[in-house]
Amino acid sequence: MAKKKFYITTPIYYVNDRVHLGHAYTTIAADVLARYHRLKGDKVFFLTGTDEHGAKIEEAAKGLNKSPRQLCDENSQRFKNGWQRLNISYDNFIRTTDVNHKKAIAKALKVLHEKGLIYKGVYKGLYCLGCEQYKTKADLVDGKCPDHKIKPEVMEEESYLFKLSKFGKEIENRIKRDEFKIRPEERKPEILEFLKKGLKDISISRKKVKWGIPLPFEPELTAYVWVDALLNYLTGLGWQGDPRKIPEFWSAEVHLMAKDIFRVHATIWPALLLGLGISLPKKLFIHGYFTINRQKMSKSLGNVIWPEELIEKFGVDATRYLLLASFPFGRDGDISWKKLEEKYEADLAKGLGNLVARLLSLADKSEIKSEVLKIEEVKNTDFQKKIDEVQEKYKKALEEFKLNEALASIWELISFCDEYIEKNKLWEENESQKTSILYLLHTIANIANLLKPFLPETSEKILKQLGLEITEQKWIFNIKKSESLFPRMNPE
Ligand code: MSP
């Protein structure tokens, strides 16, 4: 049977900023899903990258006395370093300043122009430079962009407009019919409401912005940064701008993002694709936004938590765990140093780490070193029943992108083991305990397998300590105890 394709993307991040926890959150989640689908045997392509053009980057560079090129090179490298540190298994890292990307965008714009979908006119409307997005009066709170707390500028210039208005109805219908999926479902009404009012044509050219891709039909003007950015989802697969030659991985199974960029992805992006005659992505998944101590993370409030600070304190795998386990993936949530420390202590140090260490000590005491467990033997036990039940829950949760629920199901298995040890007083030596310990080692090996997409290094460490070898009928253990997985922060 042909392998199932799974193409997943993160937003491409603006390079005016260094990697912050919000970027890390989306990217770790995408990594977990990519790893899960690879393990399942799917043919996976995982794309991330950086969004490098536009007025915002031009201004940031000016403020730092750097050329835009220098700022982009430095900061995109920081993103790459950050992702390497966090063990992100992307297949491609796209930069919108890549020559291939720029050529493809110029070609695509030419196609749209020739089709009459880009025309010259005067654009008048509100624009927030912070989001590089068009705004309506209804979007503003006290006259300001609610995300950036700045007054949008009134943009009025002769420019090239894209016939966005032509596609609103079609997009609305596809969302309604669930052909273009919006998840979680509760996000659907807001976009349908917006589409119902009708879409306005937007300006896709810039006179004043020099740091951008020149329009092929009027090269003194540059392309609106979102047109350039959205098409990364195709150029990141090697697309060269020809609508008849679509990369084999298209279309995307899912684009992950937060609510700040949901609307552009549900309007301009599908409209560009419809205009080019290219199929739409299958799904947009809008995950939650997190706040720190109930406030928006911001440098001026001084409450920013940088990913490297978390890694420094807790380690890479714990950082991945703490971010994803702290709140449901599709909902907003709040984090704080205190909550993260408590969760580390409870779930990782006293939870998973302690269970593995405890069991390996019990194995040592019972002189279990090299043992063989026949699958047949464990098949009808309560252990296997619990493993099957958890595997089922885990799979269902991951198919629905409920990442924290998938983690919770693994922790259910951890608690099951802890309770079993307590209830049966496994530390009291006697011969019959040996079989239970072996079954528990088998359960831990299953836990390690389930952890693979989330905590890849920890999973490998556990499997190494168990010295596990699996054949069709047997699980063979060669126990080698080593250092603790998650040291206690505050040992009593
Ligand atoms: N460059 C555009 C995206 C273009 S995609 C074709 C952009 N970049 S960004 O650097 O601002 O990244 C926004 C994304 O970062 C969000 O959609 C989300 O994925 C992530 N997050 C940023 N802050 C976040 C939180 N506080 N919480 C959760 N995710 C956050 O927009």
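Further up the page is the structure itself.
Cut-offs applied
Residues numbered from 1 in each chain as written. Predicted model: local features only at pLDDT ≥ 70, side-chain atom pairs only at ≥ 80, totals over all residues. Heavy atoms only, no water. Helix = DSSP H or I, 4+ residues; strand = E, 2+ residues; numbered from the N terminus. Rg over C-alpha atoms; globule rule 2.2 N^0.38 Å. Buried < 20%, exposed > 50% of the residue type's maximum accessible area, 1.4 Å probe, protein only. Contact = heavy atoms within 4.5 Å. Near = heavy atom within 4 Å. Polar contact = N/O pair within 3.5 Å; in protein donor to acceptor, adjacent residues only side chain to side chain. Areas by Shrake-Rupley, 256 points an atom, 1.4 Å probe, with all protein chains shown as cover. Pairing = 2+ DSSP bridges.

When its secondary structure is counted, the protein chain shows 18 helices and 18 strands. Here the protein chain has a C-alpha radius of gyration of 26 Å; the compact-globule value for 492 residues is 23 Å, and the two agree. In the protein chain, which comprises 492 residues, the proportion classed as buried is 57%. Across the protein chain, contacts joining residues at least 24 apart in sequence account for 77% of those joining residues at least 6 apart.

What follows concerns the site of the ligand. Taken together, 23 residues form the shell around the ligand, and within it Ile12, Thr26, Asp51, Ala258 and Asp260 come nearest. Residue Ile12 places a main-chain N or O atom 2.8 Å away from a nitrogen atom belonging to the ligand. Separating an oxygen atom of the ligand from a side-chain N or O atom of Thr26 is a distance of 2.7 Å. Protein chains shield 94% of the accessible area of the ligand, which is 680 Å² for the free molecule. With four residues, the top contributor of residues to the shell around the ligand is strand E1 (residues 5–14).

On to the sheet that holds strand E11 (residues 218–223), then. Reading across the sheet, the three strands line up as E9-E11-E10 and stay open at both edges, with antiparallel pairing between neighbours. Each edge of the sheet is formed by a strand with only one pairing partner; in this case those strands are strand E9 (205–206) and strand E10 (214–215). Inspection of the sheet shows E9 paired to E11 by two bridges, in the antiparallel sense. Across the sheet, residue Arg206 finds its bridge partner in E11, namely Thr222.

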